[in-house]
Amino acid sequence: QVQLVESGGGSVQPGGSLRLSCEASGSIFGRSVMGWYRQAPGKERELVAVVFIGGVKKYADFVDGRANISRDNVENTVYLQMDSLKSEDTAVYYCNLRLFGGIEYWGKGTLVTVSS
């Protein structure tokens, strides 16, 4: 039904940048809330950024202006541009699609490693 495929992860040095992409199948993309979450080893999964249907965006406090989430409803894709990356940003980043009624879908994740 709905499949989410992340891409764009990789290894960067501190201060570097990455842009993550998530392509979603299905016709419900335009009616969904899209988000990016991350999970570091031994840690709980946490919200990074969310973009709502109306275009309103929310970010976790630790983002501190270093990331931007955007969506392309024509291409059914959500992006996460990350700049000034820190070692503590190292994690598996997951794409999330959420609908009212408790329905949500997850991608398999893409690994981001920030190190020297």
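Keep in mind that what you see is a predicted model, and the values were worked out from it rather than measured.

## Considerations on the sheet that holds strand β3 (residues 18–24)
What the four strands build is an open sheet, ordered β1-β3-β8-β7; its pairing is antiparallel. Of all strands in the sheet, those with a lone pairing partner are β1 (4–7) and β7 (67–72), marking the two edges. On average, adjacent strands in this sheet sit at an angle of 15 degrees to one another, irrespective of strand direction.

## As for the nonpolar core
Counting residues in each nonpolar core, the largest one holds 29 residues, and the members touching the most others are Leu4, Trp36, Val78, Leu80, Met82, Tyr93 and Leu97. Going through the elements one at a time, β3, β4 (33–39), β5 (46–51), β7, β8 (77–82), β9 (91–99) and β11 (110–114) are the ones with two or more residues in this core. Residues in contact with leucine 97, not counting those within four places in the same chain, are Val2, Leu4, Ala24, Ile28, Ser32, Val33, Met34, Ile103, Glu104 and Tyr105.

## Brief notes about the pairing of β7
Residues Ala67, Ile69 and Arg71 line the buried face of β7, whereas the alternating positions Asn68, Ser70 and Asp72 sit on a face that is not buried. In this sheet, β8 lies alongside β7 in antiparallel orientation, the contact comprising six bridges. Each bridged residue has a counterpart across the sheet, and for asparagine 68 the counterpart in β8 is glutamine 81. If you look at the hairpin formed by β7 and β8, you'll find four residues sitting between the two strands, and asparagine 76 has a positive phi there, around 55 degrees.

## Regarding the state of the cysteines
For the structure shown, the criterion picks out one disulfide. Here cysteine 22 engages in a disulfide with cysteine 95; their sulfurs sit 2.1 Å apart. The S-S bond linking cysteine 22 to cysteine 95 shows a torsion near -85 degrees; that makes this disulfide left-handed. One end of the pair, cysteine 22, is in strand β3; the other, cysteine 95, is in strand β9, with 73 residues separating them in the sequence. Since its relative accessible area comes to 0%, cysteine 95 is described here as buried.

## Looking at the environment of isoleucine 53
Topologically, isoleucine 53 is positioned in the loop between β5 and β6 (57–59). Taking relative accessible area as the criterion, isoleucine 53 reaches 42% and is therefore assigned partly exposed. A C-alpha to C-alpha distance of 31 Å links isoleucine 53 and valine 114, two positions 61 residues apart in sequence. In contact with isoleucine 53, other than residues within four places in its own chain, are Gly30, Arg31, Ser32, Val33 and Arg71.

## Thoughts on the packing of aromatic side chains
Summed over the entire model, instances satisfying the criterion amount to one aromatic pair. Ring geometry for tyrosine 37 and tryptophan 106: centres 5.0 Å apart, planes at 65 degrees, overall edge-to-face. Of the two residues, tyrosine 37 is situated in strand β4 and tryptophan 106 in strand β10 (residues 103–106); the sequence distance between them amounts to 69 residues. Residue classification places tyrosine 37 among the buried positions, given a relative accessible area of 12%. Given a relative accessible area of 32%, tryptophan 106 falls into the partly exposed group. The ring of tyrosine 94 is capped by arginine 45, whose NZ or CZ atom sits 3.8 Å from the centre of that ring.

Procedures and definitions
Residues numbered from 1 in each chain as written. Predicted model: local features only at pLDDT ≥ 70, side-chain atom pairs only at ≥ 80, totals over all residues. Heavy atoms only, no water. Pairing = 2+ DSSP bridges. Helix = DSSP H or I, 4+ residues; strand = E, 2+ residues; numbered from the N terminus. Axes fitted to C-alpha atoms, helices over the stretch in contact; angles between N-to-C directions. Core = buried A, V, L, I, M, F, W, Y, C linked by side-chain atoms within 4.5 Å. Buried < 20%, exposed > 50% of the residue type's maximum accessible area, 1.4 Å probe, protein only. Contact = heavy atoms within 4.5 Å. Disulfide = S-S within 2.5 Å. Phe/Tyr/Trp six-rings, centres within 6.5 Å; stacked < 30°, edge-to-face > 60°. Lys NZ or Arg CZ within 6 Å of the ring centre and 35° of its normal.

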